[in-house]
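Chain by chain, the residues:
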Amino acid sequence: VADLAHAQQGLVGYVHPFDTVPDPAKDPVLSHQLPADVANGKVDYLEVVGFSDHKATAAVWYRLLNLGYRLAAGAGTDAMANYASLRGPVGMNRVFLEQRGGDDLLASLKQGHSFVSNGPLLGLLVSGRKPGDTLALSAPGPTKYKVALRSPVAVDHLELVHNGQVVKQFELGGDRRSFDGEGEVDVAQGGWLLLRAWNDGADPQLLDLYPYATTNPVWLDVPGGAPPARE
């Protein structure tokens with residue numbers, strides 16, 4: 001099916017992937033084809049925000065990013081509009097795309113020039129580079145960033161994530177719905193850096209499990225390379 005879609009210049013994405021983080025050592029059954037499909041070039045994007053648990057899905061996404069696969073984040077509501085019992089209206093989970101020059105929507109999605117969200121809006125610049133871009137550094141060390149948050153609901157956590165680890169937590173004040181910040185983050189290794197916003201629990205103004213948003217990564221080309229991918 002993926003090959004047929006690609007033959008027609010289409011994109012292939014995995015939808016509502018994970019409600020829990022799979023554990024090969026403990027799970028009695030593992031039926032997830034995602035890692036094999038990504039390794040074989042069949043997957044263009046993963047619904048990090050969709051009809052699933054966003055944090056569990058992101059944990060799997062981070063592992064694929066750490067292996068060097070530039071797998072873009074996508075989003076989709078998967079709402080059955082004729083069933084009031086299912087969470088969320090059509091368009092609740094969204095991907096916001098930046099079109100550049102002659103790029104079409106599909107190119108922007110595949111290249112990760114985007115962020116995904118069920119509510120909060122995010123902005124990220126790393127030394128002037130946007131999500132989906134590659135930043136080449138001459139040496140490891142402090143790197144400038146700018147971040148922005150605008151949200152219709154209060155946000156509990158706003159974080160910079162480097163290779164799956166939180167490297168900067170921003171303190172949100174007031175109504176916790178707006179934030180602008182800039183500074184430096186120490187980049188000791190190559191890999192990737194992204195901005196995410198999330199809440200510990202549900203918000204009655206947002207009909208999803210909990211508010212969640214993430215940018216796609218800014219890729220970091222640093223002498224010495226990315227960390228080993230054994231894990």
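As the structure is a computational prediction, the values presented were derived from the model and not from experiment.

Basis of the calculations
Residues numbered from 1 in each chain as written. Predicted model: local features only at pLDDT ≥ 70, side-chain atom pairs only at ≥ 80, totals over all residues. Heavy atoms only, no water. Salt bridge = Lys/Arg side-chain N within 4 Å of Asp/Glu carboxyl O. Helix = DSSP H or I, 4+ residues; strand = E, 2+ residues; numbered from the N terminus. Buried < 20%, exposed > 50% of the residue type's maximum accessible area, 1.4 Å probe, protein only. Pairing = 2+ DSSP bridges. Axes fitted to C-alpha atoms, helices over the stretch in contact; angles between N-to-C directions.

Turning our eyes to something else, we now look at the pattern of salt bridges. Throughout the structure, instances matching the rule amount to eight salt bridges. Here Arg 100 makes a salt bridge to Asp 133, at a shortest N to O gap of 2.7 Å. With a gap of 33 residues between them, Arg 100 in the loop between β4 (94-97) and α4 (105-111) and Asp 133 in the loop between β6 (121-126) and β7 (134-136) connect regions that are remote in the sequence. Between Asp 180 and Arg 150 there is a salt bridge; the shortest N-O distance is 2.9 Å. You can see Asp 180 sitting in strand β11 (residues 178-187) and its partner Arg 150 sitting in strand β8 (residues 141-150), a full 30 residues away along the chain. Take Arg 150: its relative accessible area is 39%, and that puts it in the partly exposed class.

Moving on to the sheet that holds β8. With respect to topology, three strands assemble into an open sheet ordered β6-β8-β11, the strand pairing being antiparallel. The sheet terminates laterally at β6 and β11, the two strands that pair on one side only. Strand-to-strand twist across the sheet, computed as the mean angle between neighbouring axes with direction ignored, equals 20°. The pairing of β8 with β11 spans 10 bridges and is antiparallel. The partner of Thr 143 across the bridge, within β11, is Val 185.

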